Each structure stands twice: as C-alpha cells, then as structure tokens.
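Chains, contacts and geometry: an overview
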Amino acid sequence: MQRKKYMLTLPELKTLLASPQRIVITTHHKPDGDAMGSSLGLYGYLIQKGHHVKVVTPTDYPTFLHWMPNNGDVIIFTEQQEEAARLVEEASVIFCLDFNTLSRINELGELVRAASAKKIMIDHHLEPEDFDDYRCWDINACAAAQLVYEFIVNQLQDGELINKDVASCLYTGIMTDSGSFRFSSATAAVYRIAANLIDLGADQAKIHELVYDNSSENRLRFLGYCLSNKLEVLRDYNTAIISVTKDELAQYHSITGDTEGVVNYALSINGIRLAALIVERTDKVKLSVRSTGDFPANEICKKYFNGGGHRNAAGGASEKPLNDVVSEFKSILEDYKEQLLA
C-alpha cells in the first residue's frame, strides 16, 4: 500500500481512534455492494469502539442492499442535506471508502474537502486525489471491503471485533466486487478472508440470495427488454453495446440498481472482449464499460468520457445526446481494433 508524504501515521491514527470521535463514513455516488458493504462493515466495527458514527451516502442505492445490518442508520445526502452537512462539519474523522477523488461524491465532496476532520481513504482505484490524511490504498485489492478487513485486522489489530454483522457486510462487499469470486482479483488471499468471514458468522448462501435473487418483476422485465431489443453485437470489434433511453427506463419503472449488472450479460457473449451499457439519465448520459483480459476499459472511459476505474470495469459520463455518445463510442473502436481482435 502506497502512502503520500505528510500523512497521519498509523500510531497517530491509533491514538486518535483510542478515544471516542465523531465519525462520518461516506462512499461514492450510487453506492454498490462494495460501497455499502465496506461502509456498514466499518460502521459496525467503530460503534463497538464507542465512537459516534454515521454513514452518509451522496445518493440513494439499490433496495437489494437495504437488508444489511445498520442500514436504517444511513443518512442519504440528497434527502437530508442539512443533517448530512452538519455531520460532516462537526466530524473529527471522515472515512472515505471505495472512491479516490472527491468528485465521486458530488456536492458532498466540497463539504468533505472543507471539513476540519482527519480524512482517511480506504480504496482500490487508480490515481487517488491528494485530499486525505491517511491512506489504506491498494489497486490489487478486489474490493474496498477487503481493505477494510485488512485495516481492522492487520493495522488496528482488532480482528476480535469482527462480529456477525460486520462479517456479513464485508463479505457482501467482497462478493459483489469480485463478481462472486470469479474475477482475477479474487486471489487465494481473498478466499481466505472470505472463509474467515464465514467462520465469523457471514451466511454466504443467504447473502448471495439477498443480493442476486431479489429482483423486482419490473427489473427482470427490463433486463429481458434490453437483451431482446437493445443489444447490439459488433463482431468486427468483438464488442457489444446496450443503449437505453430515459423513456425506456420510465416504461419499466426503473429505480436505482435496476441497471446494475446488465452490462455483464453483453460481456458474457462468446468472443466478446468489450461491452458497454450506455444509459440516458436526467442530467447526462452514463456509461458502464467492461472488458476481458488485458483490454483497458478504464483507458476508454478516462480518455473519452470523463471517467475511469479498473482495467476491466470502468465508468464514464457525457453531456452529449445519447445517440451521439453511442456513435462516439463506436468510432473509438477502430483505434483499438487490433487489441479487440487479438
């Protein structure tokens, strides 16, 4: 794990956390399983230490994550702005999980930047912004939840405080961000962590059911519509694209989380190396891009769509009309044709 100069040292952080603090935990826009799993897992640990803790998310998140322990205590910034702003201003410590730049938490970002609190980043994305005082960062980690586990066990040496609730949350984060342990980031070390979390009370079968077998009828019909009517396969580039308008989202009463994972179906087609889900939202067009092998999905998102992420899983956005974004994405493929066909 790399650390920048002039950071809070680990002994200083341990001293700080040895007495009750006012702590805010926050994570990225539209939190996923890793964002909420790592946040609520850390929350469950910190409250056992006697700290005053709140999880503040920039936006809402999928209902299939609402089962997690202590979910009822989460403050959603877009719904409780004054309360969230007060908590950030009064905090003595702010944990920033599963994001590496303050733009990922929208309007909440400038509040965090201005706060006098010590800021602790726990993350696994490339090119972190220089806003933190302590950094637990490893791009090879499969999930922020893995890093939270290692932070508690190895750095704070408090592994005995990983109870069933904490274990369930951290297992959820690792499971979802590792693609149910099928991505290359799910190393033997990750499996050993997962096994320990199961030993500590995480019910892996129940967690998988709650996350993956918990779709609404609308969500399932929306998925069917995307695969039947919106999937475009470009065999000349080993690429598949699904594009969705905001009217189509409305037609299926789409809510937060309903588009999650749709891009993976496009990537699962035999021979496809690159897949994109391009969705027209109210404010802008959002892209979720996935790839296989060493193809750099993150490079495309960073270079052309104001985004970034991991090599095989990245995202971006554009303020252009949906059709223009789809056309631009297709035009880029020629530059990568050799890699896509390799």
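Residues numbered from 1 in each chain as written. Predicted model: local features only at pLDDT ≥ 70, side-chain atom pairs only at ≥ 80, totals over all residues. Heavy atoms only, no water.

With their axes 10 Å apart at the nearest point, helix α6 (residues 164–177) and helix α8 (residues 204–212) run at an angle of 60 degrees to one another. Here α6 lies oblique to α8, going by the angle between them. When you trace α6 past α8, the crossing you get is right-handed. Along the contact surface, α6 presents S168, Y171, T172, M175 and T176, while α8 presents Q204, I207, H208, V211 and Y212. Partitioned by chemical class, the residues of the contact of α6 with α8 number 5 nonpolar, 5 polar and no charged. (Axes fitted to C-alpha atoms, helices over the stretch in contact; angles between N-to-C directions. Helix = DSSP H or I, 4+ residues; strand = E, 2+ residues; numbered from the N terminus. Parallel < 35°, antiparallel > 145°, perpendicular 65-115°, else oblique. Left-handed = near helix turned anticlockwise from the far one by under 90°. Contact = heavy atoms within 4.5 Å. Nonpolar A, V, L, I, M, F, W, Y, C, P; charged D, E, K, R; others polar.)

Next up on the list: the sheet that holds strand β1 (residues 22–27). Read across the sheet, 6 strands follow the order β3-β2-β1-β4-β5-β6 without closing on themselves; strand pairing throughout is parallel. The sheet is open, and its two borders are formed by β3 (75–76) and β6 (134–137), each paired with just one other strand. Looking at chain direction, strand β5 (residues 118–123) and β6 are connected through 4 bridges and run parallel. Across the sheet, the residue bridging to D123 is W137, located in β6. Against the sheet, helix α2 (residues 33–48) engages β1, β2 (52–57) and β4 (93–97), with an angle of about 165 degrees to β1. (Pairing = 2+ DSSP bridges.)

Here we take up α2. Between its first and last C-alpha atoms α2 spans 23 Å; for 16 residues at 1.5 Å apiece the expected length is 22 Å, and the two agree. Across the 16 residues of α2, 14 count as buried, placing the element largely inside the fold. Two residues or fewer after α2 comes G50, characterised by a positive phi angle close to 90 degrees. (Expected span 1.5 Å × (residues − 1). Buried < 20%, exposed > 50% of the residue type's maximum accessible area, 1.4 Å probe, protein only.)

On to the packing of helix α5 (residues 144–155) against helix α7 (residues 188–199). Running from amino to carboxyl end, α5 crosses α7 at an angle of 70 degrees, the nearest separation of the two axes being 11 Å. Classified by the interaxial angle, the pair formed by α5 and α7 is roughly perpendicular. Facing α5, whose interface residues are Q146, Y149 and E150, α7 presents V190, I193, N196 and L197. Among the residues forming the contact of α5 with α7, the class breakdown is 4 nonpolar, 2 polar and 1 charged.

The residue D123 is located in strand β5 in this model. No salt bridge is formed by the buried D123; the nearest opposite charge belongs to R104, separated by 6.6 Å. Here the side chain of D123 touches H125 through a polar contact of 2.7 Å, side chain to side chain. Apart from the residues lying within four places of it in its own chain, the contact partners of D123 are D98, F99, N100, C136, W137, D138 and L147. (Lys, Arg positive; Asp, Glu negative; His and termini not counted. Salt bridge = Lys/Arg side-chain N within 4 Å of Asp/Glu carboxyl O. Polar contact = N/O pair within 3.5 Å; in protein donor to acceptor, adjacent residues only side chain to side chain.)

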